[in-house]
Amino acid sequence: MPLHLVTPIDRAEDARADSDSLDLPAKGWRSHAADLCYIVLRGSTFLASSYLMALGLPLLFFLLISGGDAGVFFAHLANISDRFLGAEQGRQIGFLDEFKFVLIGVATLVVVWRLPRFINDLERELSGEKL
């Protein structure tokens, strides 16, 4: 007596062969939840990488100023840190406020610059298209 096992995949293929239309089944709530989770994960990695890029831009700026020389680079950082620590508290707070403002502005510009490609990639991946 042969053992014949019918799987849900076999039933789906038989149902597809029997029906005349090739309509896809309606997306259920699990599919929508999976898409939402995927969007949240991709969005969080997008934002994290954008903020890391924005934090790396001051480092790149100081490397460009120093001409790529590590000794000059650390001399610039030592100069800034000495002046910062030697300043009075009001000037330190003012510098930190300006630095935060510039860093948030640069991060926003990086996100705006990368956003169209991110949205296109996300739309392509959710629609199931291949590269």
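Residues numbered from 1 in each chain as written. Predicted model: local features only at pLDDT ≥ 70, side-chain atom pairs only at ≥ 80, totals over all residues. Heavy atoms only, no water.

1. Details of the overall build of the protein
Rules: In this description a helix means any DSSP run of H or I spanning at least four residues, a strand means any run of E spanning at least two, and both kinds are numbered starting from the N terminus. Accessibility here uses a 1.4 Å probe with only protein chains present; expressed as a share of the type maximum, an area under 20% marks a residue as buried, one over 50% as exposed, and anything in between as partly exposed. Contacts are assigned to residue pairs that have any heavy atoms within 4.5 Å of one another.
Counting its regular elements, the protein contains 4 helices and 0 strands. Element order for the protein, N to C, with α for helix and β for strand: α-α-α-α. Buried positions account for 11% of the 131 residues belonging to the protein. Expressed as a percentage of contacts within the protein between residues at least 6 apart in sequence, the contacts between residues at least 24 apart total 63%.

2. Concerning the packing of aromatic side chains
Any aromatic ring pair is given by two values, namely how distant the centres are and how the planes are angled relative to each other. Rules: What counts as a ring pair is set by centres within 6.5 Å for rings of Phe, Tyr and Trp (its six-membered ring), and what kind of pair is set by the plane angle: stacked under 30 degrees, edge-to-face over 60, tilted for all other angles.
In this structure the tally under the stated criterion is 5 aromatic pairs. Note on Phe-46 and Phe-118: the rings are 4.4 Å apart at their centroids and 15° apart in plane angle, and the pair reads as stacked. Residue Phe-46 is located in helix H2 (residues 29–66), and its partner Phe-118 is located in helix H4 (residues 89–127); the two are separated by 72 residues in the primary sequence. For the pair formed by Phe-46 and Phe-118, the shared burial category is buried. Between Phe-95 and Phe-99 the ring centres are 6.1 Å apart and the planes differ by 20°, which places this aromatic pair in the stacked class. Here the residue Phe-95 and the residue Phe-99 both occupy positions in helix H4, the gap between them amounting to 4 residues, near one helical turn. Overall, the relative accessible area of 40% leaves Phe-95 in the partly exposed class. Phe-99 gets classed as partly exposed once you look at its relative accessible area, which sits at 39%. Clustering of aromatic rings is evident, with ring pairs tying together Phe-84, Phe-95 and Phe-99.

3. Here we look at the pattern of salt bridges
As a reminder of what qualifies: We define a salt bridge as a contact between a side-chain nitrogen of Lys or Arg and a carboxyl oxygen of Asp or Glu at a distance within 4 Å.
Inspection of the entire model under this criterion finds 3 salt bridges. As a salt-bridge pair, Asp-121 and Arg-117 come within 3.6 Å of each other at their nearest N and O atoms. With Asp-121 and Arg-117 both in helix H4, this residue pair falls 4 residues apart, about one helical turn. Residues participating in the shared-partner salt-bridge network are Arg-117, Asp-121 and Arg-124.

4. Topic: H2
Since the α-helix packs 3.6 residues into each turn, any two residues three or four apart lie on the same face. Basically, it comes down to this: Under the convention used throughout, the expected extent of a helix is 1.5 Å for every residue step, that is, one less than its residue count. Each residue is assigned a bend, namely the angle between axes fitted to the seven residues that terminate at it and the seven residues that start at it.
End to end, H2 covers 56 Å across 38 residues, agreeing with the expected 56 Å (1.5 Å per residue, within 8%). Maximal helix bending in H2 amounts to about 25°, located at Leu-57; proline Pro-58 follows within four positions. For H2, the full list of buried residues reads Gly-43, Phe-46, Ser-50, Ala-54, Phe-62 and Ser-66. Considering only its buried residues, H2 is in contact with helix H3 (70–86) and H4. The first or second residue beyond H2 is Gly-67, which carries a positive phi of 70°.

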